[in-house]
Amino acid sequence: MQGEIEVKIKNERKGEVQIEAQSLQVDTVSGATLTSKAYLKSVENALMQACEK
Amino acid sequence: MIKYDFTKKACKTGAQPDNIEDVQSMNIGMSTVMTHRAFGRYAGEAIEAVRNEAVRMEALLSRFIPASEISRINRYAGIKAERLSGDTYEVLSRAVEFSRCCQGLFDVTIGPLVTLWNNSKDTCKPPEDSRIMEVLPLIDYTGLKLDPGEKSAGLQRSGQSIDLGGIGKGYAGDKFLEVFRKYGIKSAFTNIGGNVAALGTKPDGSPWRVGIQHPRQENSLIGLVSIADKAVVTSGDYQRYFIGSDGKRHHHILDPSTGYSAESGLVSVTVVADNSMDADALSTILFAAGKSKGLEILKSFPKTEAVLIDVNLTVHVTRGLRDCFQAGKDISIDILN
């Protein structure tokens, strides 16, 4: 379980880096309603990226 | 099997006094991903209670759960009215008010049309025009009769159905903040798949910084709003859509008057309001209305502001947000009067 959480946090960090590049630090993001399916796909992509490294 | 569910406790971090907990939680619910964060002595318990509240809301309001109150009303359309909980009655009453005030842009009985489009998503082909024309007469909120004495609701015509897509998550956001308050929390936010509702400020007294998703660049922001005690809800054409063989983007915000995806020249609308139910309904309505008509509608809602992004990605910000909106790099903004 530990490993999975780490990937998520890494993914979050990745988001932060991109946000920092635009010098926008945020607490949370408002956007068009994400489906749980789309969210799971993004987690899957993050896992794939983590595995490639 | 991966469990997409975690709660993170970071006690005594930074400048937090010993008895202040900083708790964050993320899980799948209401067909989306929810994150909550709370600061306070009972932050952990509060978040647990909010998560239970989410389950309760979904069990009342989802039309995909057969035993929900909304499913019951839909099932007995044209047959009988159903007695409801205070919650379902409240959200339906407000949904009818919005349907009345924004005729042709928002209709709580849009269910049959949503079902038709949902079925076409897998094939990436829009439903046949004749099918749309067939269901269009059923989209008529005047057929939803509410009885305040009985606290009941019934659809007059068989085939009609309620869909709370443009308002239900907003209502849930308001309920979540009520739960936080009950636990003595003064600083928290909830984010239901992009619908944000914030309680108070951050523990240090600074406002919450809520990013606004860039409608055409994934993982990128178009800007942010700094807010306290406000809801920030966005409607956009960049989630829940498919590109048809004609190259057209068919997204989930349907225009109840045409039966097709709303095409108003806007790709994203963010509404900042005191409560998240209104912010949710208004972001959907403004998206369908377009810029000039949308701003006209917004005038009847005091203390409600908006960020409208048009097809050229110009960001139009209402005057009241001038000092709390910060644009991303290379983003052009237009402050509206």
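Residues numbered from 1 in each chain as written. Chains lettered and ligands numbered in written order. Predicted model: local features only at pLDDT ≥ 70, side-chain atom pairs only at ≥ 80, totals over all residues. Heavy atoms only, no water.

**Some remarks on the sheet that holds strand β6 (residues 152-155) of chain B**
Residues and elements named next belong to chain B.
Move 1: Pairing in this open sheet of 3 strands is antiparallel, and the strands run β4-β6-β5 from one edge to the other. Strands at the two margins of the open sheet, each flanked by one partner only, are β4 (82-83) and β5 (144-147).
Move 2: Pairing between β4 and β6: 2 bridges, direction antiparallel. The partner of Glu82 across the bridge, within β6, is Ala153. (Pairing = 2+ DSSP bridges. Helix = DSSP H or I, 4+ residues; strand = E, 2+ residues; numbered from the N terminus.)

**Some thoughts on unusual backbone geometry**
Residues and elements named next belong to chain B.
Move 1: At Met30, a position not held by glycine, the phi torsion is positive, near 50°.
Move 2: Considering the arrangement of structural elements, one finds Met30 in the loop between β2 (21-29) and β3 (32-40).
Move 3: Although it is not a glycine, Asn219 adopts a positive phi angle of roughly 55°.
Move 4: Residue position: Asn219 is located in the loop between β9 (208-213) and β10 (221-227).

**Considering the side chain of Ser276 of chain B**
Residue and element names in this part refer to chain B.
Move 1: With respect to the element layout, Ser276 can be found in helix α7 (residues 276-289).
Move 2: The class for Ser276 is buried, based on a relative accessible area of 3%.
Move 3: Residues contacting Ser276, with those up to four places away along its chain left out, are Lys169, Gly170, Tyr171, Gly173, Asp174, Ala197, Ala231 and Val233. (Buried < 20%, exposed > 50% of the residue type's maximum accessible area, 1.4 Å probe, protein only. Contact = heavy atoms within 4.5 Å.)

**Details of the pairing of β10 of chain B**
All names here are of chain B.
Move 1: The element β10 is largely enclosed, with a buried count of 6 among its 7 residues.
Move 2: In this structure, β9 lies alongside β10, joined through 6 bridges in antiparallel fashion. Residue pairing for β10: Trp208 is matched across the bridge by Ile227.
Move 3: Across 3 bridges, the pairing between β10 and strand β17 (residues 325-327) is antiparallel. By the bridge assignment for β17, Leu224 is matched with Gln326.

**A short note on the environment of Met57 of chain B**
Move 1: Counting through the fold element by element, Met57 of chain B comes out in helix α1 (residues 43-61).
Move 2: Separated by 187 residues in sequence, Met57 of chain B and Gly244 of chain B have C-alpha atoms that sit 34 Å apart.

**Brief notes about the interface of chain B and chain A**
Move 1: Taken together, the contacts link 42 residues of chain B with 27 residues of chain A.
Move 2: For the chain B and chain A pair, buried surface summed over both sides reaches about 3,000 Å², with 58% attributable to carbon and sulfur atoms.
Move 3: Between Asp27 of chain A and Lys202 of chain B there is a salt bridge, with the nearest N and O atoms lying 3.2 Å from each other.
Move 4: At the boundary of chain B and chain A, one finds 13 residue pairs in polar contact (both at pLDDT 80 or more).
Move 5: Every element with two or more residues in the side of chain B that touches chain A is listed here: β2, β3, β7 (187-192), β8 (195-199), β9, β10, β11 (231-236) and β17 of chain B. (Buried area = accessible area lost by both parts, 1.4 Å probe. Salt bridge = Lys/Arg side-chain N within 4 Å of Asp/Glu carboxyl O. Polar contact = N/O pair within 3.5 Å; in protein donor to acceptor, adjacent residues only side chain to side chain.)

**As for the nonpolar core**
All names here are of chain B.
Move 1: Of all hydrophobic cores here, the largest spans 67 residues; its most connected members are Leu92, Phe180 and Leu286.
Move 2: Not counting the four nearest positions on each side in its chain, Leu92 is found in contact with Ile70, Ile73, Leu84, Val108, Leu144, Leu146, Ala153, Ile162 and Leu164.
Move 3: Formed by 21 residues, the second largest nonpolar core is a distinct cluster that contains Phe39, Phe189, Ile227 and Val232. (Core = buried A, V, L, I, M, F, W, Y, C linked by side-chain atoms within 4.5 Å.)

**Notes on the packing of aromatic side chains**
In this description, an aromatic ring pair is defined by two values, namely the gap between the centres and the angle between the planes.
Residue and element names in this part refer to chain B.
Move 1: Counted according to the given criterion, the structure contains 6 aromatic pairs over all chains.
Move 2: With 6.3 Å between their ring centres and 35° between their planes, Phe39 and Trp208 make a pair best called tilted. Taken as a pair, Phe39 in strand β3 and Trp208 in strand β9 lie far apart in primary sequence, 169 residues in all. Side by side, Phe39 and Trp208 carry an identical accessibility label, which is buried.
Move 3: Considering the side-chain rings of Trp117 and Tyr260, the 5.7 Å spacing of their centres and the 75° angle between planes classify their relative orientation as edge-to-face. Here the residue Trp117 occupies a position in helix α4 (residues 111-120), and Tyr260 occupies one in the loop between β13 (249-251) and β14 (266-273), the gap between them amounting to 143 residues.
Move 4: An aromatic cluster is built from Phe39, Phe189 and Trp208, whose rings are joined through pairwise contacts.
Move 5: Sitting above the plane of the Tyr241 ring, Arg249 keeps its charged end 4.4 Å from the centroid. (Phe/Tyr/Trp six-rings, centres within 6.5 Å; stacked < 30°, edge-to-face > 60°. Lys NZ or Arg CZ within 6 Å of the ring centre and 35° of its normal.)

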